[in-house]
Amino acid sequence: MRNNLKVERAIRNFTQQDLAQLIGVSRQTINAMEANKYVPSTVLALKIARVFGKQVEEIFLLEADD
């Protein structure tokens, strides 16, 4: 799975800490997701999508081998 978190954050001028506070996780969690080292739960993915006003599939993308 890959994601567009960093791009979406940049569009809104959010830091990792800003996004973390909005969804109730640590900055390290955001960093791990952006580095594709952590796959969020469904609930967390939905919270992130809500913050960005997007569908989950617009932020988190399944790749062929996932």
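Residues numbered from 1 in each chain as written. Predicted model: local features only at pLDDT ≥ 70, side-chain atom pairs only at ≥ 80, totals over all residues. Heavy atoms only, no water.

Novice: Run through the packing of helix H2 (residues 16-23) against helix H3 (residues 27-34), naming residues and quoting values.
Specialist: Direction vectors running N to C along H2 and H3 enclose 110°, while the axes themselves pass 8 Å from each other. Regarding the angle of H2 to H3, the classification is roughly perpendicular. For the element pair H2 and H3, the recorded crossing hand is right-handed. Contacts between H2 and H3 pair Gln16, Gln17, Leu19, Ala20 and Ile23 from the former with Arg27, Ile30, Asn31 and Glu34 from the latter. Across the contact of H2 with H3, the residue classes tally to four nonpolar, three polar and two charged. (Axes fitted to C-alpha atoms, helices over the stretch in contact; angles between N-to-C directions. Helix = DSSP H or I, 4+ residues; strand = E, 2+ residues; numbered from the N terminus. Parallel < 35°, antiparallel > 145°, perpendicular 65-115°, else oblique. Left-handed = near helix turned anticlockwise from the far one by under 90°. Contact = heavy atoms within 4.5 Å. Nonpolar A, V, L, I, M, F, W, Y, C, P; charged D, E, K, R; others polar.)

Novice: Account for the UniProt feature "domain: HTH cro/C1-type" (unreviewed entry) in the protein chain, naming residues and giving values.
Specialist: In the numbering used here, UniProt assigns the feature "domain: HTH cro/C1-type" (unreviewed entry) to residues 5-59. Annotated as residues 5-59, this span is 69% helix and 0% strand, and its ends, taken at the C-alpha atoms, are 6 Å apart. (UniProt positions renumbered as here; feature names shortened; annotations may be inferred.)

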